[in-house]
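# An overview of the molecular structure
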Amino acid sequence: MIVGQQKPLEEIWGMIKDYKKVLVFGCNTCVAVCHQGGNKEAEILASMLKMKASQEGIAIEITNSGIERQCEHEFFEQAETIIQKADAILSTACGIGVQFMAEKYPKPIYPGLNTTFLGAVEQLGVYTERCQACGQCILGQTAGICPIARCAKRVMNGPCGGSTKGKCEINKEVDCAWQLIVDRLALLGRMDDYEKLAPIKDWSSDRAGGPRKLVREDMLNE
Amino acid sequence: MSNSTTPSKLQKILAAGHLGVTSECGPPRGSDPQAVIEKAELIKDYVDAVNITDNQTSVCRMCSLAACIRLKTLGVEPVLQMVTRDRNRIALQSDILGAASWDINNILCLSGDHQSFGDHAAGQNVHDLDSMQLIQTVRMMRDQGKFLGGDDIKRPPQMFVGAAANPFADPYEIRVARLAKKIAAGAEFIQTQCIYNLDKFEDWMKKVVDRGLHEKTYIMAGMTPMKSAGMARYMKNRVPGMDVPEDVVKRLADTPKDKQADEGIKICIEAIQRLKEVKGLSGFHIMAIEWEEKVPEIVKATGLYPRPQV
Ligand code: SF4
Ligand code: SF4
């Protein structure tokens, strides 16, 4: 899922303080799972902003609402009226939701979160990066552990010389992705695979290739 | 061994069966060439080639290529170090051609330290290729005369291709397999991480020899003399992938402060003397970090002077 982290209140305040009617608008899927931008968090954020406004003695009407997903058209219908009433929107969706709203509505839309990574819920309250959506998945060659997202140097034929006691050179708290890969290759009895050189990666399906697009013709004609 | 022959003097010396000696020089953090010139003058008669580091420890410095050209004009053979951290495949290949235009005939392919260690921690890293893929790239440019993109190169580079190996990094079980992988990628010489744990290094070398890898690449042992007990402790505790045994730290710590530097040189000389006997080893890479004036002393004391003429 997409993991995000709420921006500091001061930063958010700086973005919205000059508007009269601000809607804090949640997205109840990924960013709700990590308790940062769901409809409940939007409600909490709205009340914190109301407090802030009264402390600063500034009259802003702050409301809150939310939908299931801000990255798809069909969910917006139910919130249409409340969105129309606001003169600025603080979206607590990921960067996709914020951009999608900006495309849909000709009014100021601000991000309430820092969109952080594509991750897994390791345990409640701990989220870790697992994928960078490179567009050409190599997990088949790396025993199901992604060196692009999880190795600090995204080396394809690691580990680099900095791997120490299973940890990455950047930080003793961070697992060395290549230690994980080697351990899993050993577990699967596939250590011979380790010596196969990984081909030079084609990054054209990654960010390098510009914005990506997926079209399913069969679904368009339905 | 790779049956390539490049104009590299280092390659000729190693191929003739001599123990090779290289050293390194970190370019200055400014544009004054004097620092490079002085270091080169100090060591030029005692080594076969001098590595120029590429923004070592991710701290921004004068570029390796320019410093290599400087060495070349002084009659010193350079080894161009190149990290994949800062440049994509276009820039890497372009710099290789630039180096080749100056007849720089040695390259050492590295991934580089993570930028978070340096003076531009907020910078983006590139890692379009990794170190093994850079080795493959130089080999393709040289042996096939082609760019990665497939086009022909007019006057391909003539470079003796090297890589680094760390016998002490984890996971230890794959340390030899990893060397084999670098050789498969095309590494013709290897310079290792600084060696302090001689037993562990000898164990690694034994495994390397058992697999016959010493017949496929020249392995040069990395040596760095310690200046003080403080430096030993720092390397032991702070530098990732470094194995400094406690007895080395203790030996320095038990030496009076004003004698610790001499003791560090002694330790280094003893280590080289011991490792000279190790089967499969082809030479030494003496990295006297900001202590280049000590290189002649070490080379002389270990019987590696005078350097052979080829
Ligand atoms: S290889 Fe690419 S798509 Fe696959 S997990 Fe890694 S970043 Fe994601
Ligand atoms: S220590 Fe491991 S995870 Fe960290 S950069 Fe090196 S190979 Fe990648």
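Residues numbered from 1 in each chain as written. Chains lettered and ligands numbered in written order. Predicted model: local features only at pLDDT ≥ 70, side-chain atom pairs only at ≥ 80, totals over all residues. Heavy atoms only, no water.

## Digging into the pairing of strand S1 (residues 20-25) of chain B
Residues and elements named next belong to chain B. Worth spelling out the cut-off: Think of it in three bands: residues with accessible area under 20% of the maximum for their type are buried, residues over 50% are exposed, and the middle band is partly exposed, with areas taken using a 1.4 Å probe on protein chains only. Helical segments are the DSSP runs of H or I of at least four residues, strand segments are the runs of E of at least two, and each set is numbered from the N terminus. Two strands form a pair only when DSSP identifies at least two bridges running between them.
Within S1, 6 of the 6 residues are buried, which leaves the element mostly enclosed by the surrounding structure. With burial as the criterion, each face of S1 is covered, one bearing Gly 20, Thr 22 and Glu 24 and the other bearing Val 21, Ser 23 and Cys 25. Sheet topology places S1 next to strand S8 (residues 281-286); 4 bridges connect them, and they run parallel. What sits directly across from Ser 23, in S8, is Ile 286. Bridge count for S1 against strand S2 (residues 49-52) is 4 bridges, and the pairing is parallel. Within the sheet, the bridge partner assigned to Glu 24 lies in S2 and is Asn 51.

## Remarks on the site of ligand 1
Let me state the cut-off plainly: The near set for a molecule or strand comprises every residue that places at least one heavy atom within 4 Å of it. All residues other than Ala, Val, Leu, Ile, Met, Phe, Trp, Tyr, Cys, Pro, Asp, Glu, Lys and Arg, Gly among them, are scored as polar; the first ten of these are nonpolar and the last four charged.
Inspection of the region around ligand 1 gives Cys 131, Gln 132, Ala 133, Cys 134, Cys 137, Ile 138, Leu 139, Cys 146 and Ile 148 of chain A as its neighbouring residues. Taken together, the residues of the shell around ligand 1 sort by class into 8 nonpolar, 1 polar and no charged.

## So, the site of ligand 2
Within the structure, ligand 2 sits among 13 residues, and Cys 151, Cys 160, Cys 168, Cys 176 and Ala 177 of chain A are positioned closest to it. Its residues placed into classes, the shell around ligand 2 shows 9 nonpolar, 2 polar and 2 charged.

## Focus: the interface of chain A and chain B
As a reminder, the rule being used: Residue contacts follow a heavy-atom distance rule, with two residues in contact if any of their heavy atoms lie within 4.5 Å. Two parts placed together each lose some accessible area; with a 1.4 Å probe, that loss summed over both constitutes the buried area. Each reported salt bridge corresponds to a side-chain nitrogen of Lys or Arg within 4 Å of a carboxyl oxygen of Asp or Glu. Here a polar contact is taken to be a pair of N or O atoms separated by no more than 3.5 Å, where protein atoms must pair a possible hydrogen donor with a possible acceptor and residues adjacent in sequence count only if both atoms sit in side chains.
Contacts between chain A and chain B engage 30 residues on the former and 35 residues on the latter. On the chain A side of the contact with chain B, Glu 195, Leu 197 and Ile 200 of chain A bury the most area, a combined 25% of that side's loss. Joining chain A to chain B, the criterion identifies 1 salt bridge. A salt bridge links Arg 211 of chain B to Glu 195 of chain A, with the nearest nitrogen and oxygen atoms 2.8 Å apart. Across the chain A-chain B interface, the total number found is 21 residue pairs in polar contact (both at pLDDT 80 or more).

## Considering the packing of aromatic side chains
All names here are of chain A. Rules: Working definition: a ring pair exists when centres of Phe, Tyr or Trp rings (six-membered ring for Trp) sit within 6.5 Å. Plane angles under 30 degrees give stacked, over 60 give edge-to-face, the rest tilted.
In total, this model carries 9 aromatic pairs over all chains according to the counting rule given. Residues Trp 178 and Tyr 194 carry aromatic rings whose centres are separated by 6.4 Å and whose planes lie at 75 degrees to one another, so their mutual orientation is edge-to-face. Remark: Tyr 194 occurs in the loop between helix H7 (177-187) and helix H8 (217-220) and Trp 178 occurs in helix H7; sequence separation between them is 16 residues. When sorted by exposure, Trp 178 lands in the same class as Tyr 194, which is buried.

## Section: the sheet that holds strand S6 (residues 113-123) of chain A
All names here are of chain A. Operational definition: Axis lines are fitted to C-alpha atoms, over the contacting stretch for helices. Their N-to-C directions set the angle, which ranges from 0 to 180 degrees.
Read across the sheet, 3 strands follow the order S1-S6-S7 without closing on themselves; strand pairing throughout is antiparallel. Each edge of the open sheet is held by one strand with a lone partner, namely strand S1 (2-6) and strand S7 (126-131). Across the sheet, the axes of successive neighbouring strands diverge by a mean angle of 70 degrees, strand direction being ignored. The pairing of S1 with S6 spans 5 bridges and is classified as antiparallel. Paired with Gln 6 across the strands is Leu 113, a residue of S6.

## Details of the UniProt feature "domain: Methylene-tetrahydrofolate reductase C-terminal-like" (unreviewed entry) in chain A
Rule in force here: UniProt positions are given in the numbering used here, feature names are shortened, and annotations may be inferred rather than shown by experiment.
Mapped onto the present numbering, the UniProt feature "domain: Methylene-tetrahydrofolate reductase C-terminal-like" (unreviewed entry) falls at residues 110-204 of chain A. Helix makes up 16% of residues 110-204 of chain A and strand 27%. Its end C-alpha atoms lie 30 Å apart.

## Here's the deal with helix H9 (residues 246-253) of chain B
Residues and elements named next belong to chain B. What counts, and what does not: By definition, the arc is the one covered by directions from the helix axis to the C-beta atoms.
Within H9, burial applies to Val 248, Val 249 and Leu 252. Taken end-on, H9 shows its buried residues confined to a sector of 100 degrees, consistent with a single buried face. Contacts from the buried residues of H9 go to helix H8 (229-238) and helix H10 (260-275).

## A short note on the environment of Ala 184 of chain B
All names here are of chain B. Mapped onto the elements, Ala 184 comes out in helix H6 (residues 175-185). Using a relative accessible area of 53% as the deciding quantity, one classes Ala 184 as exposed. C-alpha of Ala 184 to C-alpha of Met 132: the two residues are 52 residues apart in sequence and 9.0 Å apart in space.

## Focus on unusual backbone geometry
Residue and element names in this part refer to chain B. In this structure, the amide linkage connecting Asp 170 to the following residue, Pro 171, adopts the cis form with an omega of -10 degrees. Within the secondary structure, Pro 171 sits in the loop between strand S5 (160-165) and H6. Even without being glycine, Asn 55 reaches a positive phi, approximately 45 degrees. Within the secondary structure, Asn 55 is located in the loop between S2 and helix H3 (64-73). Judged by its relative accessible area of 15%, Asn 55 falls in the buried class.

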